[in-house]
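The residues making up each chain are set out below.
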Amino acid sequence: MDLNELAHLLTRIESEAAGAVSEARTADALRAAESKITKGPLAEAMKSIKSFAAEERGQAGQNINKTKQLIAEKFAAAMDALRAAGVASERKSASDFDPTLPPARTLRGGLHPVTIVQREVERIFSSLGFAVVGGPEMETEFYNFEALNIPAMHPARDAQDTFWLTNGWLLRTHTSPCQVRAMLRYGPPIRVIAPGRCFRYEAIDASHENTFYQLEGLLIDKDISIAHLIAFMKLLLREVFHRDVKVRLRPGFFPFVEPGFELDMSCAICDGKGCPTCKRSGWVEILPCGMVHPNVLRHGKIDPHEYTGFAFGLGLTRLAMMKYGVGDIRILNSGDLRGIVQPERLGGAKV
Ligand code: PHE
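Reading guide: rules and limits
- Residues numbered from 1 in each chain as written.
- Predicted model: local features only at pLDDT ≥ 70, side-chain atom pairs only at ≥ 80, totals over all residues.
- Helix = DSSP H or I, 4+ residues; strand = E, 2+ residues; numbered from the N terminus.
- Rg over C-alpha atoms; globule rule 2.2 N^0.38 Å.
- Buried ≥ 20, exposed ≤ 12 C-beta atoms within 10 Å, placed from the backbone.
- Contact = placed C-beta atoms within 7 Å.
- Near = placed C-beta within 6 Å.
- Nonpolar A, V, L, I, M, F, W, Y, C, P; charged D, E, K, R; others polar.
- Pairing = 2+ DSSP bridges.
- Axes fitted to C-alpha atoms, helices over the stretch in contact; angles between N-to-C directions.
- Domains from an automatic or database assignment.
- pLDDT = per-residue confidence, 0-100.

**Brief notes about the overall build of the protein chain**
Each helix and strand counted, the protein chain has twelve helices and nine strands in total. Relative to a compact globule of 351 residues, whose C-alpha radius of gyration would be 20 Å, the protein chain shows 44 Å and is clearly more extended. Projecting the C-alpha coordinates of the protein chain onto the three principal axes gives extents of approximately 140 × 45 × 40 Å. Counting only residues that meet the buried cut, the protein chain has 35% of its 351 residues in that class. Within the protein chain, contacts between residues separated by at least 24 positions form 66% of all contacts whose residues are at least 6 apart in sequence.

**Let's talk about the site of the ligand**
All residues adjacent to the ligand are H174, S176, F254, V257, G260, P288, C289, G290, A311, F312 and G313. Looking at the shell around the ligand residue by residue, the class counts come to six nonpolar, five polar and no charged.

**Notes on the sheet that holds strand β1 (residues 131–132)**
Within a sheet, each strand pairs with its neighbour through backbone hydrogen bonds, oriented either parallel or antiparallel. Ordered in space as β1-β4-β5-β9-β8-β7-β6, the seven strands form an open sheet in which the pairing is mixed. The sheet terminates laterally at β1 and β6 (247–251), the two strands that pair on one side only. The pairing of strand β8 (residues 283–292) with strand β9 (residues 308–315) spans three bridges and is classified as antiparallel. Pairing of C289 across the sheet is with F312, part of β9. The sheet strands contacting helix α6 (residues 177–186) are β4 (190–199), β5 (211–221) and β9, and the helix crosses β4 at an angle near 140°. In this fold helix α9 (residues 316–324) packs onto β4, β5, β7 (257–266), β8 and β9, with an angle of close to 55° to the strand it touches most, β9.

**Side note on the domain arrangement of the protein chain**
Domains assigned within the protein chain are domain 1 (3–95) and domain 2 (113–346). Between domain 1 and domain 2, the C-alpha centre-to-centre distance is 93 Å.

**What about the confidence of the model for the protein chain?**
For the protein chain, the average pLDDT comes to 87, and 95% of its residues sit at 70 or higher. Predicted confidence in the protein chain is weakest over helix α12 (residues 343–346), with a mean pLDDT of 49, and strongest over β1, with 97. Taken as a whole, residues 346–351 scores under 50 in pLDDT and shows 23 contacts with residues more than four places along the chain or in a different chain.

Structure follows, in structure tokens:
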């Protein structure tokens, strides 16, 4: 071989390398093509050096090395280009992220329906000048019964099946003990509400639980009459339901009020048609109320000749059921997240 022939050969090898570079689409293909050329025709060219005339060998070697280097650079540049393209395509797929897609669903917590209603009623009465007070869930017989004009042998005790504790105390059967506690603590005039948990030894069904929430209201001042009572009750229901609610007022007996009333609202679960929640009557007892009995005022160290007042015992749990259409009271105490997180979705037992 002479230098002229070698030049032709090297040009062919270079163009072969250029073709391989432009065809390779992946790093692996590029590496394979490079090794095929260096181990094939380039190696052959090196071997051919010994067939050169002695004085041309040096030049031949230099020429081959030049081509070798050129080809190596070409492949290296091609490899770099391929890598850069790969990064760019990764970037492109990142920019394919669509921010308008709906997010993955996460379950969010929320307030319990009874808490929502309680806070709403607290807000309404706070704006009317009432203070929000509390009271113990473990009560004495005195505050739960005696002070409320329900002496030991009175048949009214039978109406409130009681959990008695071994220490002679009891789990309060209503929030009414807060009435006398407030009278003794604050003295007249009084405007308080007392929300809280109550307990009764009940047979459990769609509308009865052994654990439920009430909200006691008490207003004591001079010249308070039934007209005030009714006005407050109507305002309360209108604010909670954001509409005029159909109500009926019946005489009701509670030893601690005189006169006493049962204020019922039209059942919101069945629209007054009759369902298990309203015991098929179409009405739900929601607001027992009345004028505070003189004996109760006396227990609270208030002169009944000077002061009068009204009291009510709003059934908070019932109110939450009516407001959110929860047909079964047991759901509210069950920890069933469907009832607690999104009560309006539950629909209730619409029978
Ligand atoms: N505490 C009574 C009950 O739970 C309700 C009530 C409260 C009635 C206040 C009249 C006045 O049955």
